[in-house]
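Chains, contacts and geometry: an overview
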Amino acid sequence: MNLLDAHFVPAVDGVAYGLLLFVVAAGLSLAFGTAGVLNLSHGTLYAIGAYTGAELSDGTWGGLAVGLAAGTAAAAAAGAGLSAATIPLARRGHLAQALLTFGLALIGGNLLIEFFGADELPVRVPEALDSSVTLLGHRYPAYRLCFILMAVLLAAVGTWVLTRTRVGAAVRASADDPQMLATTGHSPRAVHTGVLAAAGALAGAAGVLGAPIIGPGAGTADTVLMLSLVVVVLGGLRSLWTTLFAAIAVGEVQTLGVSVAPELAPYLLFAAMAAVLILRSRFTEPATSGAHGGGGGADPVEWLRQRLCASFKGRGAGEAGSAANSAAGSADLSKAAPARSGSGGPLARLLRGGPVDDDLPARVRRAAPLLVLLVVLIALPTLLDAYTISLAGSALALGLLAISVTILTGYAGLPTLGQTAPFAVGAYATANLADAGWTVGPVQIVVAALAAALFSLVTGPAVIRARGTTVLMITLAIGELASAAINQLKSVTGGADGLVGFPPTQALWGGEGMVDESEVYNYALAVAVVAVVITLLVLRSPAGKLLTGTRNAEARMLASGHPVGRYLLMAHIGAGALAGVGGSVMVTVQQYLSPADVGFEIAAFALLAAVIGGGTSVIGALIGAGLIVITRDWVASSWPGHGHLLLGALFVGAVYLLPRGLAGLRARPGAGGQGPVPAKDDRLPPDHDDDSVPAGKVAP
């Protein structure tokens, strides 16, 4: 009985906390399951309601009512605006939506802090609710008990509206068959806007009513978003009641779990999230695009074989294939060559991977932009001050992480938000090696790469079978589990305080520790050049072409006997090793390491850099990382306190203005005579429709 008494109040708190998460997650589930929008700004909608309600609260029932009405209306208006923002992305999949809404979340969070201040606002509830009542012999806050009753009522009303009313029928029809809905006289776009407005209203109402439980503050939106994603994953999208039970379970872990098992509680939620997603992916076939799986068009496997034969031609390996097929492949390539020669300048060809040209001048022209970029990077220490040079080193580290994301997202078709996990493994391995006296740079790089590769080998089987949005969620869970471990393993990671004070890195054996910014930058540049060259050689080898084949025609690759799972696992391991190298470089450049350096925000930055580059461009990912670091650290320094606003604008601008990334900046047909009509990129299979990108894939 004593044990029950000790945990009774935390258990009831868990119910209240879980019901608050249910109200928020119901809106997130509605937006994703019905409107098809992966909204990473949903936590900001909650924060809008919370800040508005707290600002208008005055301890009276009237203040509570006004705050509830204003907060709900403001969040509903923001949800309707989100509908207008995401409708142009309807054909581009959930990856573009995730990047756009994350950018909007950064902008919204910065504006809220600018308007309401960075400090947590106090919330004043009516006097009748600002008291405690006796519940089974225990004193319990009256407001939380009242909130529990309201949330249960909301669950019942929401279920009734969705299942028993004409409005609910229209909402369900918009998700199942919008064309059929249009024939009944309803506008699918109006329903889409109404759904997102309703989702925003739910989040805003939860923010107003839940402000006394999860108060408005700088980290409120992130906390609410992450917990709501866990609830939606655990509860699914088919029933509000399963979402309700999942929310209560999450709430109990956050309250009762912390009091009973504080060491395990941080891992339970995201471990459960990852487990559910992995189990679901095991019962479904790997996702393939309808464009690739249809019966029409040339066989992508045959196309891939011809490309391999063409790449071997001139190296003495062309005789290995069938003479007739090789001749046919060469003829096809020779016919395509004139068209390819006019498809954009050398930079565009380099950024999108570029076709393979057999003549030396063409190879020189294709490599010229890369050589120019290298010359500029080498010259930077003589042109910039010490602070800007250190930023350039940080950009190289983030660029290596972005390249690892490019390998997984653009080449393997596995969009990821969790590459900061192997990045963190490499970073903490380097910091601990340096603290133990192992300061030689090559040793740190090798150990960091091996440790990150081992981590990716362990986590790879959980990732490679899933596709699309499921991969994003699984990798997000892995990244959050890594963050939880970083905060818990203080003897290795330093916990929230991070690591600092370890000896500087030596470039080579017998050298002195590097303390000058120019020396550190040159070391980082040398490591980055070696890593990029190795990556390009692998991606342009037959192994890289096989990996591209698994993305473009997975079903046919499987049918022809290719071990697709093995290819994806090797890509996952290689990308993890590269991320580990990036983490090692980051530690060398910064000379300190904190959890914020390897958190979710950095994962989103790396994914954005990969998308800015074009999805399949190694050099483009480096340029994208440079743009992000320039915006975050250099441009923002001239406008203090608005770094997130500028980064959010970069996210939004990249999604809208660079739908195909920097690789898409090539001449396109038009009435104005803007250049020759570009030939379709011959790196794609013949039946690949590059105007239709499946969800979770990035257009090459």
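The following refers to the structure shown. Values in this document were obtained by computation on a predicted structure and should not be read as measured data. (Residues numbered from 1 in each chain as written. Predicted model: local features only at pLDDT ≥ 70, side-chain atom pairs only at ≥ 80, totals over all residues. Heavy atoms only, no water.)

Regarding the overall build of the protein chain
Our working rule: Comment: elements are numbered from the N terminus, with helices defined as DSSP H or I runs of at least four residues and strands as E runs of at least two. Throughout, exposure labels follow a simple rule: accessible area from a 1.4 Å probe, protein chains only, divided by the maximum for the residue type, with under 20% read as buried, over 50% as exposed, and the rest as partly exposed. Residues count as neighbours in contact if any of their non-hydrogen atoms are within 4.5 Å of one another. Method for areas: the Shrake-Rupley scheme with a 1.4 Å probe, in which residue coverage is limited to the protein chains shown.
Broken down by element type, the protein chain carries 28 helices and four strands. Across the 700 residues in the protein chain, those meeting the buried criterion constitute 54%. Pairs at least 24 residues apart make up 77% of the contacts formed inside the protein chain by residues separated by at least 6 positions. Per element, the accessible surface of the protein chain, about 29300 Å² overall, is 67% carbon and sulfur.

With respect to helix α26 (residues 600–613)
Applied cut-off: Expected helix span is given by 1.5 Å per residue-to-residue step, counting one fewer step than there are residues.
The terminal C-alpha atoms of α26, which comprises 14 residues, lie 20 Å apart, in line with the 20 Å expected from a rise of 1.5 Å per residue. With 13 of its 14 residues buried, α26 lies for the most part within the structure. Among the residues trailing α26, Gly614 stands out with phi positive, at a value near 115°.

A short note on the nonpolar core
Rules: As used in this record, nonpolar core signifies buried Ala, Val, Leu, Ile, Met, Phe, Trp, Tyr and Cys residues forming a set joined through side-chain atoms within 4.5 Å.
Counting 163 residues, the largest nonpolar core has Met273, Ile403 and Val585 as the members making the most contacts within it. Looking at this core element by element, the count peaks at 15 residues for helix α17 (residues 386–411). Other than its neighbours up to four places away in sequence, Ile403 contacts Val532, Thr535, Leu578, Val618, Ala621 and Leu622. Counting residues in hydrophobic clusters, the runner-up holds ten residues, among them Ala47, Leu112, Ala203 and Ala221.

What about the packing of helix α2 (residues 42–56) against helix α8 (residues 188–210)?
Stated precisely, the cut-off is as follows: Here an axis means a line fitted to C-alpha atoms, over the contact stretch when the element is a helix, while the angle between two N-to-C directions is reported on a 0 to 180 degree scale. Working rule for angles: under 35 degrees goes down as roughly parallel, over 145 as roughly antiparallel, 65 to 115 as roughly perpendicular, anything else as oblique. A crossing counts as left-handed when the near helix is turned anticlockwise from the far one by less than a right angle, and as right-handed when that turn is clockwise. Note on residue classes: Ala, Val, Leu, Ile, Met, Phe, Trp, Tyr, Cys and Pro are nonpolar, Asp, Glu, Lys and Arg are charged, and everything else, Gly too, is polar.
Contact geometry of α2 with α8 gives a least axis separation of 7 Å together with a crossing angle of 45°. By the angle between their axes, α2 is oblique relative to α8. Both α2 and α8 take part in a crossing whose hand is right-handed. For the pair α2 and α8, contact is made by His42, Leu45, Tyr46, Gly49, Ala50 and Gly53 and by Ala199, Gly200, Ala203, Gly204, Ala206, Gly207, Val208 and Gly210, respectively. Split into classes, the residues belonging to the contact of α2 with α8 amount to seven nonpolar, seven polar and no charged.

Focus on the pattern of salt bridges
Quick reminder of the rule: Within this document, salt bridges are pairs made up of a side-chain nitrogen of Lys or Arg and a carboxyl oxygen of Asp or Glu, the two lying within 4 Å of each other.
Counted by the stated rule, this structure contains three salt bridges. Ionic pairing is found between Arg467 and Glu554, a salt bridge with its closest N-O pair at 2.6 Å. Here Arg467 is found in the loop between α19 (441–463) and α20 (469–488), whereas its partner Glu554 is found in helix α24 (residues 554–559), with 87 residues between them in sequence. Here Arg467 falls in the buried class, since its relative accessible area comes to 11%.

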